[in-house]
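Per-entry structural report
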Amino acid sequence: MDFSSYFPRVEEAVSWLEQRISIKPRVVVVLSGGLGAFADGMTDVVEVSAADIPHFPTASAEGHSGKLLFGRKEGVPIVVLQGRYHYYEGHAPQMVVFPYFVLAGLGAQELITTNAVGGVNSDFAPGDIMLVTDHINMMGINPLIGIAIQRATDQFTSMTDAYSAELSEIAREAAKRLKIDLKEGVYLATSGPSYETKAEVAAFRQMGADAVGMSTVPAVIAANFLGLRVLTFSCIANPAADLHEGKMSHQEVLDAMNAMAPKMVALLQGVVGEMETA
């Protein structure tokens, strides 16, 4: 990849979108499969296919539509990504995070992400929602390689407070108001697309992980580089390998996400509704 062309491509994509949308998003919401109902009730919606945006990657993972919805939710200007891009799809890490550079260029200030995960913490059960307080990157990649160095300053991004304390408190208050039992914990990311072995999960538990998935971390790293505040929810879709009976499947994950969607959507709406003044 020619990294010298990265930011010019970002600018081209920003310009392309500016000609087609009237509402510039403050909040970026990334939806996992099964959570599409969050977009219901949005106003002033402009739907854009990622495939049409210059230089955007295309989503191919099952359950991810690859559409961007620009509009308002609870009075807040947002963009909803109905699906995300994964390293395991074959995208370069820098392209996985390309959309966040573009959306930051449009004025985005916050990133809310959701993901479907395996529960490493034995106290977690399918259907639980975990507020991510920190992460462990076991993907073997960093999406800022070749990009950050193009800055004259601030080339080394602090990840000390990768997840916003202010947004996390909003999430806790929303969960309390909605009577949702919100768990909290550490998310560990692997590259995928294979699920983890029992031995790997046991090792991850020793490392302090509470849940394991195959996404999110590249976006969080990029968001911190770009100065966006981050809030992440992990949906416990199944027990991780050493707690799981029988073989694991993606259909199991999709079924679990569909079952817990109403609760997760309500929590997202509650959070966004409080962000008008946050």
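Our structure is the block above this text.
Worth saying up front: this structure is predicted, and the values here are computed from it rather than measured.

1. Focus on the nonpolar core
Counting residues in each nonpolar core, the largest one holds 53 residues, and the members touching the most others are V28, L68, F70, F101 and L103. If one sorts the elements of this core by residue count, helix α6 (residues 217–226) sits on top with seven residues. Setting aside residues no more than four positions away along its own chain, F101 makes contact with Y6, F7, V10, L144, I147, A222, F225 and L226. Within the second largest apolar cluster, 36 residues are counted, among which are I78, I170, A237 and M257.

2. Quick word on the packing of aromatic side chains
Given two aromatic rings, one states the distance between the centres and the angle between the planes to describe the pair. Tallied over the entire structure, the rule returns seven aromatic pairs. Consider the rings of Y6 and F101, whose centres lie 5.4 Å apart with planes at 85°: the pair is edge-to-face. One end of the pair, Y6, is in helix α1 (residues 6–18); the other, F101, is in helix α3 (residues 98–105), and 95 residues separate them in sequence. Note on accessibility: Y6 and F101 belong to one class, buried.

3. A closer look at the packing of α1 against α3
At their nearest, the axes of α1 and α3 sit 9 Å apart, and the two run at 55° to each other. Taken together, the axes of α1 and α3 lie oblique to each other. For the pair α1 and α3, the crossing hand works out as right-handed. Taking contact as the criterion, the partners of Y6, F7, R9, V10, A13, V14 and L17 in α1 are, on α3, F98, F101, V102 and G105. Partitioned by chemical class, the residues of the contact of α1 with α3 number nine nonpolar, one polar and one charged.

4. A few points about the pattern of salt bridges
The full count for this structure, using the stated rule, is nine salt bridges. E110 is the partner of R26 in a salt bridge, and the nearest nitrogen-oxygen pair spans 2.9 Å. Of the two residues, R26 is situated in the loop between α1 and β1 (27–31) and E110 in strand β5 (residues 110–119); the sequence distance between them amounts to 84 residues. A residue is classified by how much of its surface remains accessible, and R26, at 15% relative accessible area, is buried. Residue E110 is classed as buried on the basis of its relative accessible area of 2%. Here E110 ties to R229 by a salt bridge, and the two come within 2.8 Å at their closest N and O atoms.

5. Considering unusual backbone geometry
At the junction of G192 and P193, the peptide bond is cis and its omega measures out at 0° in the coordinates. Topologically, P193 is positioned in the loop between β7 (182–189) and α5 (198–207). For E74, which is not glycine, the phi torsion reads 55° and is therefore positive. On the secondary structure map, E74 appears in the loop between β3 (67–73) and β4 (76–82).

6. Points about the environment of T113
Topologically, T113 is positioned in strand β5. Remark: the alpha-carbon pair of T113 and T216, spanning 103 residues in sequence, is separated by 7.1 Å. Contacts of T113, omitting those with residues within four sequence positions, involve V30, R84, T216, L231, T232 and F233. Within the structure, the side chain of T113 is placed 2.7 Å from the side chain of T232, a separation counted as a polar contact.

7. A look at the pairing of strand β6 (residues 129–137)
In this structure, β6 lies alongside β7, joined through eight bridges in parallel fashion. Directly across from N137, in β7, lies its bridge partner A189. Both β6 and strand β9 (residues 229–239) contribute to a ladder of three bridges, which runs antiparallel. Bridged to M130 within β9 is S234.

Rules used in this analysis
Residues numbered from 1 in each chain as written. Predicted model: local features only at pLDDT ≥ 70, side-chain atom pairs only at ≥ 80, totals over all residues. Heavy atoms only, no water. Core = buried A, V, L, I, M, F, W, Y, C linked by side-chain atoms within 4.5 Å. Buried < 20%, exposed > 50% of the residue type's maximum accessible area, 1.4 Å probe, protein only. Helix = DSSP H or I, 4+ residues; strand = E, 2+ residues; numbered from the N terminus. Contact = heavy atoms within 4.5 Å. Phe/Tyr/Trp six-rings, centres within 6.5 Å; stacked < 30°, edge-to-face > 60°. Axes fitted to C-alpha atoms, helices over the stretch in contact; angles between N-to-C directions. Parallel < 35°, antiparallel > 145°, perpendicular 65-115°, else oblique. Left-handed = near helix turned anticlockwise from the far one by under 90°. Nonpolar A, V, L, I, M, F, W, Y, C, P; charged D, E, K, R; others polar. Salt bridge = Lys/Arg side-chain N within 4 Å of Asp/Glu carboxyl O. Polar contact = N/O pair within 3.5 Å; in protein donor to acceptor, adjacent residues only side chain to side chain. Pairing = 2+ DSSP bridges.

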